[in-house]
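Structural overview for review
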Amino acid sequence: MTLGGGVLLVLILAAHAVFFWRVYEIVRFVQLGKGAWPSGAVAERLKDLLLKGFGQRLVLRQPAGLGHLIIFWGFFILTYGTIEGLINGVLPAFSFAWMGPVYSLMNTLQDFFGLLVAAALLIALYRRLVLRPKRLEGTFIHTLDALVIIGLILALIVAFYALRVIEARPGFTPVSTFLHGLLLGAAQTSRADYPVAFGLFHWLHNLVVLGFLVYIPYSKHLHLITALPNLFLSKDGVRGRIEKLDLEAEGAESFGVARITDYTKKELLDAAACTECGRCQEACPAYATGKPLSPKEVILGLKAHLFAEGPALLRDPKADPTRALYPEIIEKDVLWACTTCRACEEACPVEILPMSKLIGIRQARVLMEGDFPEEAQTALRNVENQSNPWGLPQESRGDWAADLGVKTLAEEAAVDYLFFVGCAGSYDQRYMKVTRAVAQLLQKAGVSFGILGAEECCTGDSAKRIGNEYLAQMMAQQNVDVMNGYGVKKVVTACPHCFNTIKNEFPQYGGAFEVLHHTELLASLVREGRLAPVKRAGNVVYHDSCYLGRYNDVIDAPRALLTAAGGLIEAPRSQKNSFCCGAGGGRMWMEERIGERVNVNRSRELLATHAEAAATACPFCMTMISDGLKMEERPDVPVKDVAEWLLESCD
Amino acid sequence: MKVAVLMKRVPDTASVFAVAADGKSVETGGLKYVMSPYDEHAVEEAIRLKEQAGAEVIVLSAGPPETKETLRSALAMGADAAMLVTGAENAGPRGLAKALAAALKRMAPDLVIAGKQAVDDDASQVPERVAELLGIPHASVITRFALSGSVATVDREIEGGSYTLEVPLPALFTTQKGINTPRYPTLPNIMKAKKKEITEVGVAELGLGAGDLAAGMAIESVSLPRQTRLKKIIEGEPAEKVRELVRVLRETEKIL
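Since we're looking at a predicted model, the values are computed, not measured. Residue numbers run consecutively from 1 along every chain, following the written order of its sequence. Each chain gets a letter, beginning with A, and each ligand a number, beginning with 1, in the order they are written. Given that the model is predicted, a residue must reach a pLDDT of at least 70 before its local features are reported, and side-chain atom pairs must reach 80 or more before they are shown or counted; all residues, however, enter totals for whole chains, interfaces and linings.

1. Some points on the overall build of chain B
We apply this condition: Runs of H or I in DSSP of at least four residues are treated as helices and runs of E of at least two as strands, each being numbered from the N terminus. Buried means a residue has 20 or more other C-beta atoms within 10 Å of its own C-beta, exposed means 12 or fewer, and partly exposed covers the counts in between; C-beta atoms are placed from the backbone. The contact criterion used is a C-beta to C-beta distance within 7 Å, with each C-beta placed from the backbone.
Looking only at helices and strands, chain B features six helices and eleven strands. With the principal axes as the frame, chain B shows a C-alpha extent of 65 × 45 × 40 Å. For chain B, the proportion of its 256 residues judged to be buried stands at 38%. When contacts within chain B are restricted to residue pairs at least 6 apart in sequence, those whose partners lie at least 24 apart make up 72%.

Here it is, written out as structure tokens:
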């Protein structure tokens, strides 16, 4: 071993020591979280890891993802040469040449990927320095972080090609060959011809690799280590469900997330896995309308908080943090701005769940402190007293049905479907018309159904998402008990929030029902020919409800109905990428005081399609889009539920 | 310091009301019950005093056994103890006041707070009667309460303004909206409230007989407000329309 080789060996060992110590420290930080790691479903997890991780399926949903795919795979391919280069630096005689054809193939791949990665990096640089998309904006340190990483990899690639230009490798290496011809002429050369240059580039190559190794766990590139495990561990729980808290747990003193260590281990891994790509922020309706909430900043805030408090918490898990999770890390207006539209969670390429992090804090605020926006308190008290957020009499819940001959299950329990009407469908003057339209369509098609009438109560969706787990559980249990009492099997509902809660959360209360949104049932009735719409509605733009489309994949049914009833126009942001109306997550019951109104933003987008009318499939969306169009002074564009458009075309 | 809060269980005013068959009472079958909203302000004010000055807060009510649920709501807000006087279910304001005053005499609180009225019969009599029976001063419809030593400074709301009073304790006050925002109970307090004992005292035990609880008045009939609309559209020039509207409201409808 030469002196240089010895120095390099020391550097290799030192860099690995720093790297693994830091990774070990981060693992311990993440382990500060509550509960056990997710387990089971290994086959599904491996599939996720392969498709979403190595296949980069989620990353590729945006064009910039192609660049990432190249850099991602380039990393693995170039690492082959990197390892060889490091060992070779210590033991000059070493090479992977004994691998024969594999060696040639890897040399070929490296030759191609070097160029591809360089191109991807230059585009990344161009985006960060010239295009500057908003989602990549951050503090100076964050921007510098990205530039350092791009710079390091570029330096690595320059060194890589310099070495290959000086000394060719077996295999088909057109890029190196071309550069060799350009720089050194036609004659073959070896390291003996340019010992100084070769030595310098070899050192540069190795030092950049070691520098990168040390830099990774201290930078946003930590995601190299955390993103794949996060994808592997992500399939836990049901999409759309907020896990039921055990409120009667023996010895439980606090509920929800009041401190960073109240998150689960997986939730803390989420924070450590953030790539800072900002896709969540780009998709967030609160951020888009000038609220202080950015899901990216929420996750990065939690990450920084965990890493800052981590060392003290490792010494004493009960230690008081120097900064409070609320309201210092997550501020009040950030916490309550979330509409729970789940766009951030859908957008994340590594399946981080920013929305759920906020729900945990909301639970602690409501359950432990009774602290939440006053307007919402009125709504929740109303739910407590009259089982609906408007506080209208529970006895009147079934009044809309009086003249339609719709029977309650108390009157006639042997029906195929329970029509779960929901609070808005029972009390909101406008949405009662939708309820009536749905009932009339079901009657027209000869569907056997009944309602619960005064026995129905709020599903607890708003309460749950505001963080009032106690009230939400009471409501859910009450409904499940009544429904089970009548032996209900199949449910149809005209409210996506009821739909989501009944489908995804009621099973936790012993309620296993087959649930359809009204558009799904109506679409199947049209398919079966039991309803025969005639195209009448004109060109209607459809606004997807988050809880229907993004949460529960009900995307085609409303579209099929609108197409059958007239002409369907798609909004620019639609289907899984739809833009929230602004009323989810209990926002329906709160004032919107900061920035632009979410519903106005969305209404403008719908108007820009030049549709003659709009269609919704959710009571909250109906209210918000109607108001938005009013505020835009466009009463000429009517908003109707999909069912109403269908009924008109069936008359 | 001991603070007693008078609380009444009343039907949620959002309920659908119907006159009972006797024509003299309200059908109670489908009614939902809540704490009278003005009493929530009274409970809140007492709990604030507890937080600031370490007072002991006891909530007192007279009513049917279901009233215990409503007392638990007050306990969940943070009251320390609750007492229910039984046997006065059918009493009117006069009898209720006697029952509550008898219970308060045993309790000997330094301060009594109540809502300015209960939103069921809107009689606005019980707290004032209680103060008279106990022989302590009272101030009604207060929108501010401050305690300094054994003197309370309160603002009373009056038409178009307010005036400030200084009242030596023991005394009774009735709360008006605006004095505070009643808190939303926390889960630990709800859980604790479930375990707290609610003392029950019968009227006989308090030394009251049937005569003491007599209403001193009789209800002749109960009727619902008229719901039908006149459906009258006033035509003409704006100024004329306003004159006509005022005339109808004043002369025909006798509202103004």
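Now, onward.
2. Considering the overall build of chain A
Looking only at helices and strands, one finds 28 helices and eight strands in chain A. Counting only residues that meet the buried cut, chain A has 49% of its 651 residues in that class.

3. Section: the domain arrangement of chain B
We apply this condition: Boundaries of every domain are those given by an automatic assignment or by a domain database.
Each assigned domain of chain B is listed here: domain 1 (2-202) and domain 2 (226-256). Look at where the C-alpha atoms of domain 1 of chain B and domain 2 of chain B centre, and you get two points 40 Å apart.

4. A short note on the interface of chain B and chain A
Heads up, the rule is: Residues are sorted three ways: Asp, Glu, Lys and Arg are charged, Ala, Val, Leu, Ile, Met, Phe, Trp, Tyr, Cys and Pro are nonpolar, and all the rest, Gly among them, are polar.
Of the residues lining the interface, 15 residues belong to chain B; the matching set on chain A comes to 17 residues. Examining the composition of the side of chain B that touches chain A, we find that three residues originate from one element, helix H5 (residues 187-195) of chain B, more than from any other. Partitioning the side of chain B that touches chain A into residue classes produces eight nonpolar, four polar and three charged.

5. Focus on the sheet that holds strand E7 (residues 613-616) of chain A
Residue and element names in this part refer to chain A. Inclusion rule: Should DSSP find at least two bridges between two strands, the strands are taken to pair. For helices, the fitted axis covers only the stretch in contact; all axes are lines through C-alpha atoms, and the angles between them, taken along N-to-C directions, range from 0 to 180 degrees.
If you walk across this open sheet you meet the four strands as E6-E5-E7-E8, and the pairing is parallel. With partners counted over all chains shown, the strands left at the sheet margins are strand E6 (567-570) and strand E8 (639-641), one partner each. Ignoring strand direction, the axes of neighbouring strands in this sheet form an average angle of 40°. Packing of helix H27 (residues 619-631) onto the sheet brings it into contact with E7 and E8, and relative to E8 it is tilted by some 170°.

6. Quick look at the environment of A:Lys407
Residue and element names in this part refer to chain A. Positionally, Lys407 belongs in the loop between helix H17 (374-386) and strand E1 (417-420). Each C-alpha atom, one on Lys407 and one on Thr519, is 21 Å from the other, the two residues being 112 residues apart in sequence. Apart from the residues within four sequence positions on either side, Lys407 is in contact with Glu412 and Gly450.

7. Notes on the confidence of the model for chain B
Caution applies to low-pLDDT parts of the model: their predicted coordinates are not meant to be read in detail. Residues and elements named next belong to chain B. Test applied: Confidence scores per residue from the predictor, reported as pLDDT, run from 0 to 100.
Across chain B, pLDDT averages 93, with 100% of residues at or above 70. Across chain B, element-level confidence peaks in strand E6 (residues 111-115) with a mean pLDDT of 98 and bottoms out in helix H6 (residues 238-252) with 90. Interface confidence for the predicted complex, given as ipTM, is 0.85, next to a pTM of 0.92.

8. Looking at the nonpolar core
Which entries qualify depends on this criterion: By definition, a nonpolar core groups buried Ala, Val, Leu, Ile, Met, Phe, Trp, Tyr and Cys residues that connect through C-beta atoms lying within 7 Å of each other.
Ranked by size, the top nonpolar core spans 152 residues in total, and within it A:Leu441, A:Leu522, A:Val540, A:Leu561, A:Ala643 and A:Leu646 carry the most contacts. Discounting residues that sit within four places of it in the chain, A:Leu561 has contacts with A:Thr519, A:Leu522, A:Ala523, A:Val526, A:Val642 and A:Leu646. Within the second largest apolar cluster, 65 residues are counted, among which are B:Met7, B:Ala62, B:Met83 and B:Leu134.

9. Details of the pairing of E1(A)
All names here are of chain A. The alternating pattern of E1 places Tyr417 and Phe419 on one face and Leu418 and Phe420 on the opposite face, and all of these are buried. Relative to strand E2 (residues 449-450), E1 is paired through two bridges, and the arrangement is parallel. In the strand pairing of E2, Tyr417 is matched with Phe449. The pairing of E1 with strand E3 (residues 490-493) spans four bridges and is parallel. Within the sheet, the bridge partner assigned to Leu418 lies in E3 and is Val491.

10. So, the sheet that holds strand E4 (residues 514-517) of chain A
A sheet is described by the order of its strands in space; here four strands give the open sequence E2-E1-E3-E4 (chain A), paired in parallel fashion. Looking at strand neighbours, the two that pair on one side only are E2 and E4 of chain A, the edges of this open sheet.

11. Quick look at the pairing of E6(B)
All names here are of chain B. Burial within E6 is extensive, with five of its five residues counted as buried. With burial as the criterion, each face of E6 is covered, one bearing Leu111, Ile113 and Gly115 and the other bearing Val112 and Ala114. As judged from the four bridges shared by strand E1 (residues 2-6) and E6, these two strands associate in the parallel manner. Along E6, the bridge assignment pairs Val5 with Ile113.

12. Description of the packing of helix H26 (residues 598-607) of chain A against H27(A)
All names here are of chain A. Stated precisely, the cut-off is as follows: Orientation is classified from the angle alone, with under 35 degrees giving roughly parallel, over 145 giving roughly antiparallel, 65 to 115 giving roughly perpendicular, and any other angle giving oblique.
Relative to each other, H26 and H27 sit at 75°, their axes nearing to 8 Å. When the interaxial angle is binned, H26 and H27 end up roughly perpendicular. Contact with H26, carried on its side by Asn599, Val600, Arg602, Ser603 and Leu606, involves Met624, Ile625, Asp627, Gly628, Leu629 and Met631 of H27 and no other residues of that element. For the contact of H26 with H27, a count of residues per class yields six nonpolar, three polar and two charged.

13. Side note on the domain arrangement of chain A
In many analyses, interface size is given as the accessible surface area lost on bringing the parts together. Split by domain assignment, chain A resolves into domain 1 (3-30 + 62-233), domain 2 (260-369) and domain 3 (390-651). Computed from C-alpha atoms alone, the centre-to-centre distance between domain 1 of chain A and domain 3 of chain A is 53 Å.

14. A closer look at unusual backbone geometry
The step from A:Tyr326 to A:Pro327 runs through a cis peptide bond, and the omega angle for that step is 5°. Within the element layout of this structure, A:Pro327 appears in helix H13 (residues 325-329). Looking along the chain, the bond that leaves B:Leu169 and enters B:Pro170 is cis, with omega of -5°. The phi dihedral of A:Arg342 is positive, around 70°, even though this residue is not glycine. When you line up the elements, A:Arg342 lands in the loop between helix H14 (332-335) and helix H15 (343-347). Take A:Arg342: there are 24 C-beta atoms within 10 Å of it, and that puts it in the buried class. With a phi angle near 55°, B:Val141 is a residue other than glycine that sits in the positive phi range.

15. Details of the environment of B:Ser25
All names here are of chain B. For Ser25, the position within the fold is in the loop between strand E2 (9-11) and strand E3 (33-35). On the basis of neighbour count, Ser25 is assigned to the partly exposed category, with 13 C-beta atoms found within 10 Å. With 90 residues separating them in the primary sequence, Ser25 and Gly115 have C-alpha atoms 23 Å apart. Ignoring anything within four residues of it in the chain, the contact list for Ser25 reads Ala20 and Val222.

16. Some details on the packing of helix H2 (residues 67-77) of chain B against H5(B)
Residues and elements named next belong to chain B. For the record, the criterion: The crossing is said to be left-handed when, going from far helix to near helix, the turn is anticlockwise and less than a right angle, and right-handed when the turn is clockwise.
Look at H2 against H5: their axes get within 8 Å of each other, and the N-to-C directions meet at 130°. Considered as vectors, H2 and H5 are oriented oblique to each other. In the packing of H2 onto H5, the handedness of the crossing is right-handed. Contacts between H2 and H5 pair Arg72, Leu75 and Ala76 from the former with Asn189, Ile190, Ala193 and Lys194 from the latter. A class-by-class count of the residues in the contact of H2 with H5 yields four nonpolar, one polar and two charged.

17. Digging into helix H12 (residues 295-315) of chain A
Every α-helix carries 3.6 residues per turn, so stepping three or four residues along brings you back to the same face. Rules: In a helix, the anticipated span is given by 1.5 Å times the number of residues less one. The reported bend at a residue is simply the angle between two axes, fitted to the 7 residues ending at it and to the 7 residues beginning with it.
In this model H12(A) runs 30 Å from its N-terminal to its C-terminal C-alpha over 21 residues, within 8% of the 30 Å that 1.5 Å per residue would give. The sharpest bend along H12(A) measures roughly 50° and falls at A:Glu309, with the proline A:Pro311 sitting one to four residues further on.

18. A word on the environment of A:Cys344
All names here are of chain A. Structurally, Cys344 is set in helix H15. Classification of Cys344 by C-beta neighbours within 10 Å gives buried; the count is 31. Apart from residues no more than four positions distant in its own chain, Cys344 is found in contact with Cys280, Ala283, Cys284, Pro295, Pro354 and Met355.

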